[in-house]
Amino acid sequence: MKSSKTWTRALGVLALSMLAGAFVAGCSGDDGKDGDPGPAGSTGATGATGSPGINCWDLNQNGVADLATEDVNKDGKVDVNDCRTPSGAYDAVSLHKGYFTENTYTGTSQCLNCHGKIGDDVMKTAHWKWEGTVSGIKGFEGTIHGKKDLLNNFCLAVPTNEGRCSQCHIGYGWGDKNFDFGNPKNIDCLACHDQTGTYKKVATPTAAQPIVGGPDMTAEALQKVAQSVGMNKGVPPRSTCVFCHSRAGGDDNVKHGDISTRMAFAKTTDPAADPKKFLDRSEDVHMGYDPVAKKGGDMACVACHQVKKDASGNMVDHGIGGFMYHSVDQGVMKDCTDCHGAATSIHAGKTVQNIVQTHDRLACQVCHIPTFARKVATYVDWKWSLAGSDARPAECSATPTGVAADGTTQRATYSKMKGCFTWATGVRPTLRYYDGKWNRMIVGFNDKYTTLPVDLGSPTATYKDPAAKIYPFKKMTGNQVADKANKTMLVPHLYGAAAGANAYWSKYNWTGSLSDAAAYLPAYSSGAQVFSGQHEFVSTTMLLKVDHEVAPKEQAYGKDNGCADCHFSNQVDWPALGWTKDPANGGTQTLP
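Residues numbered from 1 in each chain as written. Predicted model: local features only at pLDDT ≥ 70, side-chain atom pairs only at ≥ 80, totals over all residues. Heavy atoms only, no water.

Draft legend 1. Structural detail: the overall build of the protein chain. Along the protein chain, the regular secondary structure elements total 16 helices and 15 strands. Split into buried and exposed, the 592 residues of the protein chain put 44% on the buried side. Of all intrachain contacts in the protein chain linking residues separated by at least 6 positions in sequence, the fraction that spans at least 24 positions is 65%. Carbon and sulfur atoms make up 55% of the accessible area of the protein chain, which amounts to about 29,100 Å² in all. (Helix = DSSP H or I, 4+ residues; strand = E, 2+ residues; numbered from the N terminus. Buried < 20%, exposed > 50% of the residue type's maximum accessible area, 1.4 Å probe, protein only. Contact = heavy atoms within 4.5 Å. Areas by Shrake-Rupley, 256 points an atom, 1.4 Å probe, with all protein chains shown as cover.)

Draft legend 2. Spotlight on the pairing of strand β15 (residues 535-545). Note that strand β12 (residues 454-459) and β15 share three bridges and pair parallel. Pairing of V454 across the sheet is with T540, part of β15. By the bridge criterion, 11 bridges tie strand β13 (residues 469-483) to β15 in an arrangement that is antiparallel. What sits directly across from K475, in β15, is L543. (Pairing = 2+ DSSP bridges.)

Draft legend 3. Region of the structure containing helix α15 (residues 510-520). All buried positions along α15 are accounted for by W510, G512, S513, L514, D516, A517 and Y520. Those residues of α15 that are buried are in contact with α6 (162-165), β13, α14 (504-507) and β15. One side-chain oxygen at the N-terminal end of α15 lies 3.1 Å from the backbone nitrogen of T511; it belongs to N509. (Polar contact = N/O pair within 3.5 Å; in protein donor to acceptor, adjacent residues only side chain to side chain.)

Draft legend 4. Main features of the state of the cysteines. Going through the model one piece at a time under the given rule, you end up with one disulfide. Of the cysteine sulfurs around C339, a residue in no disulfide, the closest is that of C304, at 6.1 Å. In this model C566 remains outside any disulfide bridge; the closest cysteine sulfur is found in C367, 5.9 Å from its own. Residue classification places C566 among the buried positions, given a relative accessible area of 17%. (Disulfide = S-S within 2.5 Å.)

Draft legend 5. Fine view of unusual backbone geometry. In this structure, the amide linkage connecting T399 to the following residue, P400, adopts the cis form with an omega of 0°. Looking along the chain, the bond that leaves L452 and enters P453 is cis, with omega of -5°. Of note, W130 is a non-glycine position whose phi angle comes to about 55°, a positive value. Inspection of the secondary structure assignment puts W130 in the loop between α5 (126-129) and β1 (132-133). Note on W130: relative accessible area 9%, which makes it buried. One non-glycine residue, N561, lies in positive phi territory at about 60°.

Draft legend 6. How the structure looks around the nonpolar core. In this structure, L151, Y379, W382, W384, V454, M489 and V491 are the most contacted members of the largest nonpolar core, which totals 39 residues. Mapped by element, the contributors of at least two residues to this core are β5 (378-383), β9 (419-424), β12, β13, α14, α15 and β15. The biggest single contributor to this core is α15, with four residues. Discounting residues that sit within four places of it in the chain, Y379 has contacts with V254, F421, T422, W423, K474 and M476. Judged by nonpolar contacts, the second largest core, of 21 residues, contains Y105, W130, I187 and V225. (Core = buried A, V, L, I, M, F, W, Y, C linked by side-chain atoms within 4.5 Å.)

Draft legend 7. Main features of the pairing of β13. For β13, a buried count of 12 out of 15 residues is recorded, marking the element as mostly surrounded by other parts of the structure. As paired strands, β5 and β13 are joined by three bridges and run parallel to one another. Looking at the pairing, D381 lines up with T477 of β13. Alignment of strand β10 (residues 430-434) against β13, held across five bridges, turns out to be antiparallel. Across the sheet, the residue bridging to R432 is Y471, located in β13.

Draft legend 8. Highlighting the side chain of S228. With respect to the helices and strands, the residue S228 is situated in helix α8 (residues 219-228). From its side chain, S228 meets the backbone oxygen of V225 in a polar contact 2.7 Å long. For S228, the residues in contact, after removing those within four places along its chain, are D194, Q195 and T196.

Draft legend 9. Expanded view of the packing of aromatic side chains. If you walk through the whole model with that rule in mind, you get 28 aromatic pairs. When the centroid spacing of 5.8 Å and the interplanar angle of 55° are considered together, the rings of W128 and F179 count as tilted. On the criterion of sequence distance, the pair formed by W128 in helix α5 and F179 in the loop between α6 and α7 (190-193) is long-range, its members being 51 residues apart. For the pair W128 and F179, one class covers both residues: buried. Counting every residue linked through ring pairs, the aromatic cluster contains F154, Y379, W382, W384, F421, W423, Y504, Y508, W510 and F537. Across the ring face of Y520, the terminal group of K177 is positioned such that the distance to the ring centre comes to 4.7 Å. Sitting over the ring of Y508, K416 keeps its end group 4.4 Å from the ring centre. (Phe/Tyr/Trp six-rings, centres within 6.5 Å; stacked < 30°, edge-to-face > 60°. Lys NZ or Arg CZ within 6 Å of the ring centre and 35° of its normal.)

Draft legend 10. Inspection of the pattern of salt bridges at higher detail. Scanning all chains against the criterion turns up 12 salt bridges. Between E536 and K487 there is a salt bridge, with its nearest N and O atoms 3.3 Å apart. With E536 in strand β15 and K487 in the loop between β13 and β14 (488-489), this residue pair connects regions lying 49 residues apart in the sequence. (Salt bridge = Lys/Arg side-chain N within 4 Å of Asp/Glu carboxyl O.)

Structure (structure tokens):
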């Protein structure tokens, strides 16, 4: 196999041979002195646009994938693999490592030189746009919406606060609503394809890193990240997904409650390893690993949250499965039965056989995720009304504090910037019927409220919907700012100066913050909001589907025919599921 040095020298020889023809042979003697150049003339006309840059997938640079002449490796596609020699002299690992050993990483343009078509593909995805053609939000099917214009009861909304959200967006520079989602150079390839587990994005721009959402690393560390991207066939490791998704809502595990930074920990096979530093199978049987029992899947997120693939297993596009809560599921989301088979079959002959056979509308997660946030605390309530004080208000309890991923550090219940938090561990999920459809509140469209608490997110189904099953959810409550006169759930301007001078986190003035946001909207696919000048705080609730932290089977509900795991002790909100009370105690269904 040729080394990357040989590859670089070969290109250099080719370049020199082309330049040689530009020199005239046989000149001799000394040049005379240059004459007086004379006075400067007027500025000339603008020159013609230069030729397009070179993408090595497009060998003749006509912008078309020509299978007959450009499918160098004869795999039926024109793509980055055709950049390599027909003999495969440079595999993905050595090609990327060699290139970024000899060339300083300067940004996405270097990736696009070979992966230009992939950049075009990424820009079509909801993972990039944070919106898509809606299929999962009731009443908005077929329209364009998503994370960018949905309201929630954590950090409330994206518009006006883009600069803060950008620390987790898969791009560079999204600082306001004028960000160019059509420029592939704004894609942050390393956010997903870092294989070292060390990549970080800046939370707030600095003199050293002025780009919103830019890399927050030394040049040496960033170079190692760039060198790593060809490893593991370029498949995103668990650590890259967890970097962002564990911190949704502003801190570790606070939002969904079933994705903490512990899930980024690398597998260990050392039975004597410190359990605080690796993800054990007891925390999640799919992603964790028990070095003593030698059990656990150590699976990557993309094993379930998959992209679309063809019959040969080759990637079709970058759309990722699992975005139903925001807008649309663009990839392939694996279900339990895809790997394990039908519930009745795999539980036949087990102590839960009768329960499984008689509860055919229970999703697997109901029994196999008995609790979540088992190691790392999560928010279950957030009161924005108490924000703004230098000291913790008396209404905000000092306990319980929230245990962090190291198992020791305790996180406070109060922040001047955000208000009062209620932390919880070992949370039993809330159960609801679900069939893939959601009630969601969208800025400027259905952001009015008539009853309390305001429902910002919940599954639409009941037991009358034949395709619906019972699933587990995290129930999140709190209060947040609203328009007192218009009864509108408002978007506040919390961070940065792009939306105005009155960011709440700098001025701590709700009126100014809400005025900024009203002047800034509409943004993206949202509508406008009118702020009357009068605000109040109203109670809100959201349900978030729980799918992670699957426990070992010996901890599952129903084991040994354990009906009391769900019945007889008010562990379940039966009226919310459509019964007058526990059906095992004589409850009846409330819908005809």
